[in-house]
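# Report on the structure
Given next are the chains, with one letter for each unit.
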Amino acid sequence: MIGLIFSKSFIENAFKAFLIFYIIDSLENLSIGVAIVYTVAADGIQQFLVILIHHLAIDRHGDFRVIILTIPCLIFGLLILWLSSLLRSQQTRNQMLYIALPVILVGLAGKEVSLEGFLRQHFVEETIVVDETKSERQQEEDYNDIVDGRASLWSTGAGFLGQFICWTFTSSLRWQQRIMVSFIEVAAAYALFICGKRFFLRIPPTRRTAVSRLKEAGGLVKLIPLWLLFIPYCLVEVAGFSIFILQSDRLDTEINPRISLHSFNQVPVSSLYVFEQFISFLVSMSTKYLIRKLWSSEEAMQRGARYWRMGVGMAVGFGSLSSAWLVERRRSDLIKKNPNNDEVIRMTILWLAPQFGLLGIANGLVSKGLTDFFYDRVPESKRYFVVLFNQSLTVIGSFLSGLAVLLGPDWLGDTIDKRQLDKYLLMLAILNVAVLPLYIFLSLRFDWNIPDAVDGRDIEIEEVDGSDVEILIEEVDGRDVEIL
């Protein structure tokens, strides 16, 4: 299991995070705008597959069987790409790319859905002791924190090890060698997982149908207006693995000309990606810990702090885009002074570090906080839908990014150096800061909580004569009737 998590992080850094460069290198005479559309569409398709595979894992087949079935897709797709790189025919390589990429996306989606959840199941214990003086909800949160902490210790350690090895080992490799190493690494991890399958727990699926799940989700429609406000931030994340990566082209990656060893004198863009992931993890863990410690006695204040956490994250996302905009302005000016496409411009790649660092902070506050944000709004019986809501945001953000690129061709030239991405980045920055006041207003003005259900009826808590009273809401003749 740890080997598969290691391979997941390895693939993220070796291939998926820099998919846009692979598409540009593989498909000749491809404009930058089309390359961005391909990249964001691939991410959107993967996140849509995450939603479908999550339903199959929870309700139909279980996490273990999903892992067994989807990882071979990733192995097969990498094998196709590796073999295609050995061919001389450009047309045949392109055709094999179109075959391999969807298969790889299925494998990546299966990993994203099942690995950490399957690992977490092995740390669930009835002997975990929590503070019984707290409320039932806080006891449950403390219990989940302990389980998640134990699982995160292993998954995060394996993940960062995979990223570090990929950063140090594959940064200087050609695409052909990088894909070959990725194929061997994933195949070896999968073989070890199969060998140890008899030691794993297998939680049976619920056998719920998709129709029954959709009926259960009907009450969550109330959350959609608030959830849609996070789409502008999703556009920031999409820019992180597309436009931010493109900005590294032709930048000077040398640390110091006095250092003679090439491998120790380079700052590849993959190191900035690892830096972003590390910052995101630190911010997520520290923020969650501080909220629980500073407001440990008031559950309502904890929820309020999580509201503000999301708002601060959206503001930091604006800062990341603003930094990227300034970098692109300077980069464009230097390119105009040095139009030779084969020469490195006099601008170090470390100029990109602030925008990657700010993106990591925003990711730790918003993306990592969306799960808690959803859990605060819904009862435990509906927490299953957190994947549906959160991944749907990413799907919408990815396809909206592709649509924006297609509708603004003047911002994107045929080559990397002829583009005008500064205007696109500025538009995204303005959009993120513009939606922030609306988010604060709606968060403070309306109650977004979804009531629990008892025997198929909704239950709400209302204050009557100074005390809390449970009121059951039952539908009678098409009308909602309150029953004390």
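One numbering rule holds for all chains: residues counted from 1, following each sequence as written. Totals for whole chains, interfaces and linings use every residue, but because this is a predicted model, local features are given only for residues with pLDDT of at least 70 and side-chain atom pairs only at 80 or more, for both listing and counting. Computation of side-chain values: all heavy atoms of the structure, hydrogens and water removed.

Going along the chain from the N terminus, every DSSP run of H or I of four or more residues is numbered as a helix, and every run of E of two or more is numbered as a strand. Along its length, the protein chain carries 17 helices and four strands. For the protein chain, with 484 residues in total, the buried portion stands at 49%. Whether two residues are in contact is decided by their heavy atoms: any pair within 4.5 Å suffices. A separation of at least 24 residues holds for 77% of the contacts in the protein chain among residues at least 6 apart in sequence. Accessible surface is estimated by sampling points in the Shrake-Rupley manner with a 1.4 Å probe; for residues, cover comes only from the protein chains shown. When the accessible surface of the protein chain is split by element, carbon and sulfur atoms take 61% of a total near 24100 Å². Per-residue accessibility, obtained with a 1.4 Å probe over protein chains only, is compared with the maximum for each type, and a residue is labelled buried under 20%, exposed over 50%, and partly exposed between these values.

Attention shifts here to the packing of helix H10 (residues 231-240) against helix H17 (residues 421-445). Fitting a line to C-alpha atoms yields each axis, with helices limited to the stretch in contact; the angle taken between N-to-C directions then spans 0 to 180 degrees. Contact geometry of H10 with H17 gives a least axis separation of 9 Å together with a crossing angle of 150 degrees. It follows that H10 is roughly antiparallel to H17 by the angle criterion. Here the hand of the crossing between H10 and H17 comes out left-handed. Contacts from Pro232, Tyr233, Leu235, Val236 and Ala239 in H10 reach Leu428, Leu431, Asn432 and Val435 in H17. Should an angle fall under 35 degrees it is taken as roughly parallel, and over 145 as roughly antiparallel, whereas 65 to 115 is taken as roughly perpendicular and any remaining angle as oblique. Take the far helix as your reference; a near helix turned counterclockwise from it by less than a right angle gives a left-handed crossing, and one turned clockwise gives a right-handed crossing.

This paragraph deals with the packing of helix H4 (residues 63-84) against helix H5 (residues 90-121). Their axes nearest at 7 Å, the elements H4 and H5 cross at an angle of 150 degrees. Overall, the two elements H4 and H5 adopt an arrangement that is roughly antiparallel. In this structure, H4 meets H5 at a crossing whose hand is left-handed.

Examined against the element boundaries, Leu79 turns out to sit in helix H4. Residue class for Leu79 comes out partly exposed when judged on its relative accessible area of 26%. In sequence terms Leu79 and Phe183 are 104 residues apart; their C-alpha atoms lie 6.3 Å from each other.

What follows is about a positive patch on the surface. A cluster of basic residues, Arg65, Lys197, Arg202 and Arg207, forms a positive patch on the protein surface. Assignment of secondary structure puts Arg207 in the loop between helix H7 (175-195) and helix H8 (210-216). For patches, a residue must show more than 30% relative accessible area and have no salt bridge; joins then use 9 Å for like charges and 5 Å for nonpolar side chains, namely Val, Leu, Ile, Met, Phe, Trp and Tyr. Salt bridges are defined by distance alone: a side-chain nitrogen of Lys or Arg within 4 Å of a carboxyl oxygen of Asp or Glu. Positive: Lys, Arg. Negative: Asp, Glu. His and the chain ends are not part of the count. Note that the charge is assigned to NZ on lysines, CZ on arginines, CG on aspartates and CD on glutamates.

Looking now at helix H2 (residues 19-26). Burial of H2 is extensive: six of the eight residues sit out of reach of the surface. Turning to H2, its buried residues are Leu19, Ile20, Phe21, Tyr22, Ile23 and Ser26. Check the buried side of H2 and you find it contacts helix H3 (32-61), H4, H5, H7 and helix H11 (243-246).

Bringing the UniProt feature "transmembrane region" (unreviewed entry) in the protein chain into the picture now. Under the present numbering, the feature "transmembrane region" (unreviewed entry) in UniProt falls on residues 30-52, 64-83, 179-200, 220-246, 307-327, 348-366, 386-412 and 424-442. In residues 64-83, helix accounts for 100% and strand for 0%; the two terminal C-alpha atoms are 29 Å from one another. Helix makes up 100% of residues 424-442 and strand 0%, with an end-to-end C-alpha separation of 27 Å. UniProt positions are given in the numbering used here, feature names are shortened, and annotations may be inferred rather than shown by experiment.

Ranked by internal contacts, the top residues of the largest apolar core, which has 125 residues, are Met1, Phe193, Phe230, Phe374 and Tyr439. Segmentation of the chain into domains, including their bounds, is taken from an automatic or database domain assignment. A domain split of this core shows at least three residues from each of domain 1 (1-207) and domain 2 (210-448). Ignoring anything within four residues of it in the chain, the contact list for Met1 reads Ile67, Leu115, Phe118, Leu119, Phe193 and Phe200. Joining through side-chain atoms within 4.5 Å is the link that ties buried Ala, Val, Leu, Ile, Met, Phe, Trp, Tyr and Cys residues into a set, and such a set is a nonpolar core.

Now for the pattern of salt bridges. Between side chains of opposite charge, a pair can form as their charged atoms come close. Applying the stated criterion to the full structure yields four salt bridges. Of the charged contacts, one joins Lys16 and Asp43 as a salt bridge, the two residues approaching to 3.1 Å between their closest N and O atoms. A residue pair is termed long-range when its members are at least 10 positions apart, and Lys16 in the loop between helix H1 (2-14) and H2 and Asp43 in helix H3 qualify at 27 residues. The same class applies to Lys16 and to Asp43, which are both buried. Here Lys288 makes a salt bridge to Asp372, at a shortest N to O gap of 3.9 Å.

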